[in-house]
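Take a look at the letters that make up each chain.
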Amino acid sequence: MATSDSKPSKLLPPKKYAALPIDFLIIGGGIAGLSSAIALTRVGHRVTLIERDATVDHETGGCRMTPNLSKILYHWGLEKDVRRIGVKSTGIDLQLYETGERLGTHMWDYEMLSETRGEFIFTRHADLRKLLYDVAVANGAKVRLGTEVTGVDTEERRVKLSTGEVLTGDVIVGADGVKGLCRPMVLEEGVDDAPNHRYNYYASIVPRSIIAQDSALGCYITEEDELQKRLYCWFGHERCALTHPVAEQDTDWALLAYGLPNVALKQKFRIQKLSKLSNQPPVCVPVLEYPELEEWVHDSGRLIVLGDAAHPMTPGGIQAAAMALEDGAVLAKLFSHIRTSDQIPTLLYAYQDLRQPHVRRVQQKDLSDLYFQCTPPGEVQQGSDDFMRAQRDAGRSPLAPAGADEEELPEWTEIKDVFGYDAEDDADNWWVEWGLLRERARGTDVKLGFVEPIAIRQGRMSVSEAATVS
Ligand SMILES: Cc1cc2nc3c(=O)[nH]c(=O)nc-3n(C[C@H](O)[C@H](O)[C@H](O)COP(=O)(O)OP(=O)(O)OC[C@H]3O[C@@H](n4cnc5c(N)ncnc54)[C@H](O)[C@@H]3O)c2cc1C
């Protein structure tokens, strides 16, 4: 683990502070809840976050911070901290699970990555969560660990805690995951339709030497590979496995695998031996494909769901943490424009409108990547393996176009689009295109970047009086 006593960097100031600071109650201290706490306190709001877990740094598995995630942390001034907890990825190495045949390597194009203004970094999930926790607390969020929310009253904007206390806020943020209290509150029928369950997900942190030395385990890495800082991916028949380093100079690597749930683990993976040799049993989570949630905002206009509570991602998927962090960043960008409390529902619905289409696309991509990596034996699998073999034999990347005149593969274009996406810019654009129009329609004298009520300008009201108008 990265040293937990390192002090986090001070956050860079935002472009805009909220004219009306309000109280947010956040339920859940995963990636979504903690990043919302940072982003909202950064623009001047008061945040109380309630997390059931007593600690935020218990070891689970690895985490891939894609450029669309890391760029947000860099905007906030946390570049040094990200480097401390992670290691920069250089590319992806593809192999076949059943035979160990190498299908090639795709090295990241640094020019393309620098255009995204982010980096592709490997870390541990626990280290990212601990970093976000430290930053949130240092920035003034009140974080209550080891406390459970047992009830939510949206009309009175109250949450009840396991301690018997009741807290009141202006906005309740449900960042309590797919099994939390808040998702059923925004579901039309109060329960999800039965999700599809094809694969299970297994995750562990394993000494690198075990993966590297034991070819009989099914995932073989040479000594040279150990120095490469790549993601190693084994495509199998109804199963796949991935491994990557988690930090500079760290002898442990993250190992994750997917397989059919009804097949005994030992038949599914020779790599099960790996987890026996590591200090902890692997985490096992079903990959459940939920129907899309139509509304992320409760009818009261005072409760919002975000992260996995709103849009459950493929566990261990490349964009799971990124979508949760982007959610928090967008919410705070929108609420940096709040001036009166009657704007709250509008800003919450703006968040939903902005995030839903983007997340839907990324969710589908993460899931289709998993199905691709686990393609059952047959024509499709054979065709894909043959394409990558031909690419390898021609000295090309498996993700490159098949010839000089060929177009870029659509899969690769999509990856680049998601890496290049800037969630905070999108929220700024929403404000310029729609938010300002709405303010003008309300009779507000609007200037770009600063919204000043006409009453203040004409001397009829002070700024603090205006802030209490609802
Ligand atoms: C413990 C844990 C370990 C994980 N490990 C990995 C990993 O190694 N690699 C990876 O890629 N992804 C991991 N994930 C999943 C990943 O974090 C999510 O898919 C994604 O980042 C979305 O995060 P989230 O914050 O929306 O949801 P979650 O990560 O599910 O967080 C929800 C949080 O809400 C808390 N909570 C729920 N109900 C209540 C309540 N009533 N009161 C108070 N608190 C409540 C939960 O304890 C949890 O911390 C893990 C998730 C969890 C919960």
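What this report covers is the structure whose coordinates are included nearby. Note that this is a predicted model, so its numbers are computed, not measured.

### Details of the overall build of the protein chain
- Along the protein chain, the regular secondary structure elements total 17 helices and 20 strands.
- The 470 residues of the protein chain split such that 54% are buried.
- Within the protein chain, counting contacts between residues at least 6 apart in sequence, those at least 24 apart form 73% of the total.
- Carbon and sulfur atoms form 51% of the exposed surface of the protein chain, whose accessible area is close to 20300 Å².

### So, the site of the ligand
- Every one of the 28 residues lining the ligand counts as a neighbour, but E51, G61, G62, H125 and D308 are closest to it.
- In this structure, T60 approaches the ligand through a side-chain N or O atom, which is 3.0 Å from a nitrogen atom.
- Across the complex, the protein chains shield 86% of the 910 Å² of accessible surface that the ligand would expose by itself.
- Elements with a contribution of two residues or more to the shell around the ligand: α1 (31–42), α5 (125–138) and α11 (320–335).
- By residue class, the composition of the shell around the ligand is nine nonpolar, twelve polar and seven charged.

### What about the packing of helix α2 (residues 67–75) against helix α14 (residues 410–420)?
- Packing of α2 against α14 leaves a shortest axis separation of 7 Å and a crossing angle of 15 degrees. Taken together, the axis directions place α2 and α14 in an arrangement best described as roughly parallel. In contact with P67, N68 and K71 of α2, α14 contributes V418, F419 and G420.
- Considering only residue class, the contact of α2 with α14 consists of three nonpolar, two polar and one charged.

### What to know about the nonpolar core
- L73, W76, L128, V305, L334 and F335 are the most contacted members of the largest nonpolar core, which totals 86 residues.
- Take this core: its biggest share by element is eleven residues, from α11.
- Shared between two domains, this core holds at least three residues of each, these being domain 1 (23–373 + 412–429) and domain 2 (430–468).
- Dropping the residues within four chain positions of it, W76 is found in contact with K10, L11, L12, S35, I38, A39, R42, A329 and E424.

### Some details on the packing of aromatic side chains
- If you walk through the whole model with that rule in mind, you get eleven aromatic pairs.
- Among the aromatic residues, ring-to-ring pairing joins W108, F120, F122 and F419 into one connected group.
- One Lys or Arg, R183, reaches over the ring of Y290 and ends 5.3 Å from the middle of that ring.

### Topic: the environment of I344
- Looking at where I344 falls in the secondary structure, it is placed in helix α12 (residues 344–373).
- Separated by 173 residues in sequence, I344 and V171 have C-alpha atoms that sit 8.0 Å apart.
- In contact with I344, not counting residues within four places along its chain, are I22, D170, V171, G301, R302, F335 and I338.

### Section: α11
- The end-to-end C-alpha distance of α11, which contains 16 residues, comes to 24 Å, matching closely the 22 Å that a straight helix rising 1.5 Å per residue would cover.
- Counting buried residues along α11, 15 of its 16 residues qualify, which places the element largely inside the surrounding structure.

### Considering the sheet that holds strand β11 (residues 166–168)
- Strand order in the open sheet formed by three strands is β9-β10-β11, and the pairing between neighbours is antiparallel. Where the open sheet ends on each side, the last strands, each with one partner, are β9 (149–153) and β11. Pairwise comparison of adjacent strand axes, ignoring direction, gives a mean angle of 20 degrees for this sheet.
- Taken together, the four bridges between β9 and strand β10 (residues 158–161) define a ladder with antiparallel strand orientation. Its bridge partner being in β10, D153 is matched across the sheet by R158.

### Here we look at the sheet that holds strand β15 (residues 239–245)
- Read from one edge of the open sheet, seven strands run β6-β5-β14-β15-β16-β13-β17, paired in mixed fashion. The open sheet has two edge strands, β6 (102–107) and β17 (283–289), and neither has a second partner. Taking each pair of neighbouring strands and ignoring which way they run, the sheet shows an average axis angle of 20 degrees.
- For β15 and strand β16 (residues 252–259), the ladder comprises seven bridges, and the chain directions are antiparallel. Bridging from a neighbouring strand, T243 pairs with L255 of β16.

### Here we look at a negative patch on the surface
- Residues E155, E156, E188, E189, D193, E294, E295 and D299 make up a contiguous surface patch of negative charge.
- As for its placement among the helices and strands, E156 is situated in the loop between β9 and β10.

What counts as what
- Residues numbered from 1 in each chain as written.
- Predicted model: local features only at pLDDT ≥ 70, side-chain atom pairs only at ≥ 80, totals over all residues.
- Heavy atoms only, no water.
- Helix = DSSP H or I, 4+ residues; strand = E, 2+ residues; numbered from the N terminus.
- Buried < 20%, exposed > 50% of the residue type's maximum accessible area, 1.4 Å probe, protein only.
- Contact = heavy atoms within 4.5 Å.
- Areas by Shrake-Rupley, 256 points an atom, 1.4 Å probe, with all protein chains shown as cover.
- Near = heavy atom within 4 Å.
- Polar contact = N/O pair within 3.5 Å; in protein donor to acceptor, adjacent residues only side chain to side chain.
- Nonpolar A, V, L, I, M, F, W, Y, C, P; charged D, E, K, R; others polar.
- Axes fitted to C-alpha atoms, helices over the stretch in contact; angles between N-to-C directions.
- Parallel < 35°, antiparallel > 145°, perpendicular 65-115°, else oblique.
- Core = buried A, V, L, I, M, F, W, Y, C linked by side-chain atoms within 4.5 Å.
- Domains from an automatic or database assignment.
- Phe/Tyr/Trp six-rings, centres within 6.5 Å; stacked < 30°, edge-to-face > 60°.
- Lys NZ or Arg CZ within 6 Å of the ring centre and 35° of its normal.
- Expected span 1.5 Å × (residues − 1).
- Pairing = 2+ DSSP bridges.
- Patch = residues over 30% accessible without salt bridge, like charges linked within 9 Å, V, L, I, M, F, W, Y side chains within 5 Å.
- Salt bridge = Lys/Arg side-chain N within 4 Å of Asp/Glu carboxyl O.
- Lys, Arg positive; Asp, Glu negative; His and termini not counted.
- Charge placed at Lys NZ, Arg CZ, Asp CG, Glu CD.

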